[in-house]
Number of protein chains: 2
Amino acid sequence: MVEKQLKERIIETALKLFEKYGYHGVTVDRIVTECNTSKGGFYHNFKSKDELLYHIHDVFITYVLNKAQEAYAKYKTPTERLCAIIQSFVKVFDLYKPHITVFYQESTYLKPEYSKKINEKREQFKQVIFQVIREGIEAGEFRSELPVEITGMSIIGMVNWTYKWYKPNGSMTIEEIAKIFTDLILHSLLTESAKQKEEITTFFLKNVSRF
Amino acid sequence: MVEKQLKERIIETALKLFEKYGYHGVTVDRIVTECNTSKGGFYHNFKSKDELLYHIHDVFITYVLNKAQEAYAKYKTPTERLCAIIQSFVKVFDLYKPHITVFYQESTYLKPEYSKKINEKREQFKQVIFQVIREGIEAGEFRSELPVEITGMSIIGMVNWTYKWYKPNGSMTIEEIAKIFTDLILHSLLTESAKQKEEITTFFLKNVSRF
DNA sequence: AATAACAGACCGACTAGTCGGTTTTTATAA
DNA sequence: TTATAAAAACCGACTAGTCGGTCTGTTATT
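Predicted model, so just to flag it, every value in this text is computed and none were measured.

Reading the values: the criteria
Residues numbered from 1 in each chain as written. Chains lettered and ligands numbered in written order. Predicted model: local features only at pLDDT ≥ 70, side-chain atom pairs only at ≥ 80, totals over all residues. Heavy atoms only, no water. Helix = DSSP H or I, 4+ residues; strand = E, 2+ residues; numbered from the N terminus. Buried < 20%, exposed > 50% of the residue type's maximum accessible area, 1.4 Å probe, protein only. Contact = heavy atoms within 4.5 Å. Areas by Shrake-Rupley, 256 points an atom, 1.4 Å probe, with all protein chains shown as cover. Axes fitted to C-alpha atoms, helices over the stretch in contact; angles between N-to-C directions. Parallel < 35°, antiparallel > 145°, perpendicular 65-115°, else oblique. Left-handed = near helix turned anticlockwise from the far one by under 90°. Nonpolar A, V, L, I, M, F, W, Y, C, P; charged D, E, K, R; others polar. Expected span 1.5 Å × (residues − 1). Near = heavy atom within 4 Å. Polar contact = N/O pair within 3.5 Å; in protein donor to acceptor, adjacent residues only side chain to side chain. Buried area = accessible area lost by both parts, 1.4 Å probe. Salt bridge = Lys/Arg side-chain N within 4 Å of Asp/Glu carboxyl O. Domains from an automatic or database assignment. Core = buried A, V, L, I, M, F, W, Y, C linked by side-chain atoms within 4.5 Å. Least-squares fit on C-alpha atoms with pLDDT ≥ 70 in both.

Turning our attention to the overall build of chain A. For chain A, the helix and strand inventory stands at ten helices and zero strands. In chain A, the order of α-helices and β-strands from amino to carboxyl end is α-α-α-α-α-α-α-α-α-α. Burial statistics for chain A: of 211 residues in total, 53% are counted as buried. Across chain A, the fraction of contacts at a sequence separation of at least 24, relative to all contacts at a separation of at least 6, is 69%. Of the roughly 9800 Å² of accessible surface on chain A, a fraction of 52% belongs to carbon and sulfur atoms.

Have a look at this one:
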């Protein structure tokens with residue numbers, strides 16, 4: 001096994017420190033001492049501290065966006081798609097908790113040229129969710145009285161907020177949390193008639209309800 | 001009408017700037033020039049920049065906590081209590097949008113002695129919500145399969161996230177948003193039998209559904 | 001030999017906070 | 001009312017420390 005490259009070590013250390021102390025609470029000096037390198041090592045791998053921040057943002061948003069698009073492509077009904085997106089989205093917390101924390105806490109401090117790129121992907125991600133909700137309403141699976149954007153943002157908010165309280169190794173696994181979220185969301189979106197449909201009920205029992 | 005006191009002016013200016021550029025993106029010098037005062041004026045009113053940050057946090061969390069406790073005291077059934085709390089909580093966005101942004105973006109940077117105080121009130125607020133959910137389950141109004149904490153956090157998350165996208169003067173009023181949130185939440189919490197009960201249905205139609 | 005990877009002393013810009021001084025307000029007594 | 005003393009409010013040049021980034025080297029790789 002080859003030794004872990006310096007760039008990776010810097011990112012990991014920075015992530016750990018940023019998550020705990022915030023971007024401005026951590027100096028470049030601190031990062032380089034904690035991973036046994038030097039200013040030279042750091043600036044050989046990154047143009048600036050800002051670029052490191054951007055890198056962290058990009059890794060995360062690229063991943064979630066891809067996952068959402070994959071989930072959309074894999075399933076064909078709105079309900080299934082929504083569930084798949086939520087589940088994969090929530091599961092990201094086990095993989096990228098520090099990235100997510102940095103992403104939602106520090107994006108204010110991205111330099112314009114960086115934040116522009118990030119926001120594009122962020123917007124795309126939102127659009128996938130909106131699209132699914134829209135199609136769900138058209139298909140009669142989701143309640144037509146719901147406004148697409150607000151509903152979408154409330155789902156996103158509910159899931160995103162998890163980064164504020166979720167502890168990996170806590171008493172609940174991320175899969176259990178994902179199921180509860182899905183359960184809550186489906187209860188608030190599905191129409192009465194959709195709840196009657198057999199395909200949906202079956203799917204519901206299989207993927208959501210653990211009672 | 002008496003002239004607005006300097007302390008108030010400083011807070012308002014700081015709030016406006018912090019919301020836009022973040023706590024670390026704004027210098028004390030910037031604050032004092034933008035509200036036509038001086039370093040002296042600033043440090044006469046605040047012990048430090050940190051204390052100003054604390055002050056902003058405290059004003060907001062104290063307000064929401066009080067509102068939640070009032071709502072709890074005013075109503076007697078879990079459903080009514082939950083709705084009242086949500087509604088008052090959401091409405092805070094019109095009053096305290098900048099406070100909220102600072103609260104959720106910058107709390108990492110509170111000095112330990114300050115963050116301790118803030119976290120106590122924050123915890124109390126959460127407990128009010130958990131309590132209502134617990135009582136709702138006991139009373140048979142909310143689904144018993146729901147875990148109190150996660151459900152509570154998902155409500156809190158959904159509402160809090162609003163600060164990321166809500167624009168006062170946007171196409172939707174905060175009251176409309178509050179109603180949609182309440183609608184979504186009640187749909188996901190209420191038991192089938194509670195949905196049948198006349199009191200609840202009546203209440204539902206009056207406070208929530210605008211369809 | 002040439003280039004990439006890394007080391008670390010150093011620099012300059014920036015910024016929270018200070019401190020001696022000035023102005024305004026308030027309290028009190030004539 | 002008015003004179004005056006004391007305190008509170010405010011001013012702004014200055015400081016001391018911090019931190020991102022540079023630059024000149026040295027070491028490892030190809």
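Close contact between helix 7 (residues 148-160) of chain A and helix 7 (residues 148-160) of chain B brings their axes to 7 Å; oriented N to C, the two are set at 125°. When the axes of helix 7 of chain A and helix 7 of chain B are compared, the pair comes out oblique. Of the two elements, helix 7 of chain A crosses helix 7 of chain B, and the hand of that crossing is right-handed. Every residue of helix 7 of chain B that contacts helix 7 of chain A at S154, G157 and M158 of chain A is listed here: S154, G157 and M158 of chain B. Across the contact of helix 7 of chain A with helix 7 of chain B, the residue classes tally to two nonpolar, four polar and no charged.

The next subject is helix 1 (residues 6-21) of chain A. All names here are of chain A. Its 16 residues give helix 1 an end-to-end C-alpha distance of 22 Å, which sits within 8% of 22 Å, the value for a rise of 1.5 Å per residue. Buried residues of helix 1: I10, I11, T13, A14, L15, L17 and F18, and no others. The inward-facing, buried residues of helix 1 contact helix 2 (28-34), helix 3 (39-45), helix 4 (49-74) and helix 5 (78-106). A positive phi of about 85° marks G22, the residue just after helix 1.

What follows is about the protein's contact with DNA strand C. Residues in contact with DNA strand C amount to 16 residues; listed here are only the nearest, T37 and H44 of chain A together with V28, K39 and K49 of chain B. A share of 64% of the atoms of DNA strand C within 4 Å of the protein falls on sugar and phosphate groups. One of the backbone N or O atoms of S38 of chain A is found 3.2 Å from a phosphate oxygen in DNA strand C. Contributions of two or more residues to the surface near DNA strand C are made by helix 3 of chain A together with helix 3 (39-45) and helix 4 (49-74) of chain B. Here the surface near DNA strand C takes five residues from helix 3 of chain A, the largest share from any one element. Partitioned by chemical class, the residues of the surface near DNA strand C number four nonpolar, eight polar and four charged.

At the interface, 39 residues of chain B touch 40 residues of chain A. Buried surface at the junction of chain B and chain A, both sides included, amounts to about 3300 Å², of which 67% is carbon and sulfur. Between the two partners, chain B and chain A, sit two salt bridges. D183 of chain B is paired through a salt bridge with R143 of chain A; the nearest N and O atoms lie 2.7 Å apart. Run the count over chain B and chain A and you get 15 residue pairs in polar contact (both at pLDDT 80 or more). At the level of elements, helix 1 (6-21), helix 5 (78-106), helix 7, helix 8 (162-165) and helix 9 (174-189) of chain B are the ones that each hand at least two residues to the side of chain B that touches chain A.

Right, let's get into the domain arrangement of chain A. Residue and element names in this part refer to chain A. Split into domains, chain A comes out as domain 1 (1-46) and domain 2 (48-207). For domain 1 and domain 2, the distance between their C-alpha centres works out to 30 Å. Contact residues are listed per partner, giving 15 residues for domain 1 and 15 residues for domain 2. Buried surface at the junction of domain 1 and domain 2, both sides included, amounts to about 1400 Å², of which 73% is carbon and sulfur. Together, L15, E19 and Y23 form the three largest contributors to the area buried by domain 1 at its contact with domain 2, with a combined 47%. For the pair domain 1 and domain 2, the interface holds one salt bridge. Note that E19 is salt-bridged to K97, the shortest N-O span being 3.6 Å. On inspection of domain 1 and its partner domain 2, the count reaches five residue pairs in polar contact (both at pLDDT 80 or more). When contributions to the side of domain 1 that touches domain 2 are tallied by element, the ones reaching two or more residues are helix 1, helix 2 and helix 3. Considering every element that reaches the side of domain 1 that touches domain 2, the biggest residue donor is helix 1, with five residues. Here the side of domain 1 that touches domain 2 is built from residues that sort into eleven nonpolar, three polar and one charged.

By size, the foremost hydrophobic cluster in this structure holds 146 residues, and its most contacted members are F18, L52 and F181 of chain A together with F18, L52 and F181 of chain B. Contact partners of F18 of chain B, with chain neighbours within four places excluded, come to Y23, V26, I31, K49, L52, I56 and V102 of chain B.

This next bit is on the relation of the copies chain B and chain A. The two copies are related by a screw operation: chain B maps onto chain A through 180° of rotation and 0.0 Å of translation along the axis, at an RMSD of 0.1 Å. Overall, the copies show the geometry of a two-fold rotation axis. The rotation axis passes nearest to the C-alpha of M158 of chain B in chain B, at a distance of 2.1 Å. A shared binding surface is used by both copies, with 100% of the interface residues of chain B retained as interface residues in chain A.

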